Amino acid sequence: MKKLPTLLALAALVLADARAQTVYTDLSSQPTGLVHFNSVTPRNRFELAHGTYEAQPTIIQGTLVLPNHGKPPYPAMVLSHGSGGIEPKDWGRWVLLFSDMGIASFVVDSFTTRHITSTVDDQSQLDQAANDADALSALKLLATDPRIDGRRIGVIGFSRGGVVALDTANNYFRQGIIKDSLQFAAHVAFYPGCGLRYWTKPQPMTGAPIMMALAGADNYTLPQPCVAYAKVLRQAGQDVTLHVYANASHDFDSFVQRPVYHPKAQSARACPDREIDLATWEYRILKTGQRFQDLDEFTTAIGHCITTGATTGGNAAQAVRAEADVREFLTRVLQP
């Protein structure tokens, strides 16, 4: 691959003083590097889907990197990080890959300006809906950049960010932020949690192609619920590419090539697979078929199922396979 500016230089951009930056409402001035923009912070997905979140903007930051070859307008990928925040692999693996493909990257940081370092041990610090809102707000912003093709913007996410990649394919959540027809053109979800589905009939998806990249030995976000969810999506006519990487742990694309045990990491792996109807907001336990209209009754039925302890670690061979699979998927969908 051709070289981008050094990772050290990119890191310096990300760590720049937020207070000294312009907050961009559009990218007509064509900036690169660190960009601050407005998002919102819904307290839950109900607020996101119904647009009932607090209107006061939340300033978020992201880093925009243009590809090292090709001609504008470029396709682009929004990167959504996991519970540990932005990792070296986000720059050193994925931004480099996209640049080599002629794709711009916008690495969204949902934590720094909210004064969060990590949610690994305490997911209650920030609801998943806020990460969803940040990615959709980033899509709106990128679509105003004359160097970017607004019809060819995708999203890739990892763990918590993998859920973002799936949630943003859902029209109920998309329309909570974007009021016109703008949508992501591709969704790439690495080892997301799929134990809680948001669904309704007719199916609520935008129709943009989805790729799931699951870790076969994941004990943090189990792959089986995602395999089942992919089947449901396909039966509804959704374009889904599914890859399960054997013997790979959570965060298998990491540069950390050893198992790391996180004793306090919160996981929903012991919770029963659940579904929420986006039209009626009815709660369902899929295995038993139980249905609830009351959230407290639903919470009581599933019990205190959040457990702690999970293992992460890179798998170089499977990471290389995943790179090839992402390249093939995005070549088909975004046509860089």
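Residues numbered from 1 in each chain as written. Predicted model: local features only at pLDDT ≥ 70, side-chain atom pairs only at ≥ 80, totals over all residues. Heavy atoms only, no water.

**Re the confidence of the model for the protein chain**
Going by this rule: Confidence per residue, as judged by the predictor, is encoded in pLDDT with a range of 0 to 100. Only heavy atoms enter the contact rule, under which two residues are in contact if any of them lie within 4.5 Å.
Of all residues in the protein chain, 94% attain a pLDDT of 70 or more, and the chain-wide mean is 93. Across residues 1–5, where pLDDT falls below 50, the model places 17 contacts with residues more than four positions away in sequence or in other chains. In the predicted structure, residues 15–20 sits below a pLDDT of 50 and forms five contacts with residues beyond four places in sequence or in another chain.

**Describing the sheet that holds strand 12 (residues 274–277)**
Heads up, the rule is: Two strands are said to pair when DSSP picks up at least two bridges between them. Put simply, DSSP marks the helices as runs of H or I at least four residues long and the strands as runs of E at least two long, and each gets a number from the N terminus on. Note on geometry: axes are C-alpha line fits, over the in-contact stretch for helices, and angles between N-to-C directions span 0 to 180 degrees.
Spatial strand order, 8-12-13-14: four strands in an open sheet with mixed pairing. Across the chains shown, the open sheet's two edge strands, defined by having one partner strand only, are strand 8 (196–199) and strand 14 (291–292). Of the strand pairs in this sheet, strand 8 and strand 12 are connected by four bridges, and their pairing is parallel. Among the inter-strand pairings, R197 is bridged to a residue of strand 12, identified as E275. In the packing of helix 8 (residues 295–302) onto the sheet, the strands contacted are strand 12, strand 13 (283–285) and strand 14, and the crossing angle to strand 13 comes to about 15°.

**Here we look at the pairing of strand 12**
In plain terms, the rule: Classification of residues uses two cut-offs on accessible area relative to the type maximum, computed with a 1.4 Å probe and protein chains only: under 20% is buried, over 50% is exposed, and between them is partly exposed.
Burial along strand 12 is two-sided: R274 and I276 facing one way and E275 and D277 facing the other are all buried. Pairing analysis gives three bridges linking strand 12 to strand 13, with the strands arranged antiparallel. Within the sheet, the bridge partner assigned to R274 lies in strand 13 and is I285. Hairpin geometry of strand 12 and strand 13 is characterised by an intervening segment of five residues between the two adjacent antiparallel strands and by a positive phi of about 55° at W281.

**Remarks on the pattern of salt bridges**
As a working rule, side chains carrying opposite charge can pair if their charged atoms are close by. Basically, it comes down to this: Think of a salt bridge as a Lys or Arg side-chain nitrogen and an Asp or Glu carboxyl oxygen that are within 4 Å of each other.
Enumeration according to the criterion identifies 16 salt bridges in this entry. Residues R152 and D149 are paired through a salt bridge, measuring 2.9 Å at the closest nitrogen-oxygen approach. A salt bridge links R284 to E275, with the shortest nitrogen-to-oxygen separation between them at 2.6 Å. Across this residue pair, the class does not change: R284 and E275 are buried. By sharing partners, the salt bridges in this structure join E275, D277, E282, R284 and R291 into a single network.

**Comments concerning the pairing of strand 4 (residues 74–80)**
To keep it simple, the criterion reads: Whether a crossover is right-handed comes down to one check: with the strands pointing away from the viewer, does the path from the first strand over the helix to the second run clockwise; if it does, it is right-handed.
Buried residues dominate strand 4, accounting for seven of its seven residues. Residues Y74, A76, V78 and S80 line one face of strand 4 and the alternating positions P75, M77 and L79 line the opposite face, and both faces are buried. As judged from the six bridges shared by strand 4 and strand 6 (residues 148–158), these two strands associate in the parallel manner. Residue pairing for strand 6: A76 is matched across the bridge by I153. Assessed by its sense of winding, the connection that carries the chain from strand 4 through helix 3 (residues 88–100) to strand 5 (residues 104–109) is right-handed.

**Some thoughts on the layout of surface pockets**
Applied cut-off: Here a cavity denotes a set of grid points, spaced 1 Å apart and computed over the protein atoms alone, in which a 1.4 Å probe fits but from which it cannot get out, and a pocket denotes an open set meeting protein on both sides within 12 Å along at least five of seven lines; residues with an atom within 4 Å of a point are reported as lining. Grid points are joined across faces, edges and corners, and a volume is the space filled by probe spheres set on the points. Three classes are used: nonpolar for Ala, Val, Leu, Ile, Met, Phe, Trp, Tyr, Cys and Pro, charged for Asp, Glu, Lys and Arg, and polar for all others, with Gly counted as polar.
When its volume is computed, the largest pocket comes out at roughly 1500 Å³. Around the largest pocket, the lining comprises 46 residues; the ones closest to its centre are R45, L196, A268, R274 and I306. At the level of secondary structure, the elements contributing two or more residues to the lining of the largest pocket comprise helix 2 (45–50), helix 5 (160–167), strand 8, helix 7 (224–235), strand 11 (260–267), strand 12 and helix 8. Here the lining of the largest pocket is composed, by residue class, of 23 nonpolar, 15 polar and eight charged. Space inside the second largest pocket adds up to approximately 340 Å³. As for the second largest pocket, its lining consists of 21 residues, and the residues nearest its centre are G84, E87, D251, H262 and T312. Counting residues per element, the ones that place at least two in the lining of the second largest pocket are helix 3 and strand 11. In the lining of the second largest pocket, the residues fall into eight nonpolar, 10 polar and three charged.

**Some thoughts on the side chain of S39**
Selection criterion: Polar contact criterion, stated in full: a pair of N or O atoms within 3.5 Å, where within protein one must be able to donate a hydrogen and the other to accept it, and residues adjacent in sequence count only if both atoms are side-chain atoms.
Tracing the chain through its elements places S39 in strand 2 (residues 33–39). A polar atom in the side chain of S39 sits 2.6 Å from the side chain of D134. Non-local contacts of S39, meaning those with residues more than four positions away in its chain, are made with P57, T58, I60, R114, A133, D134 and S137.

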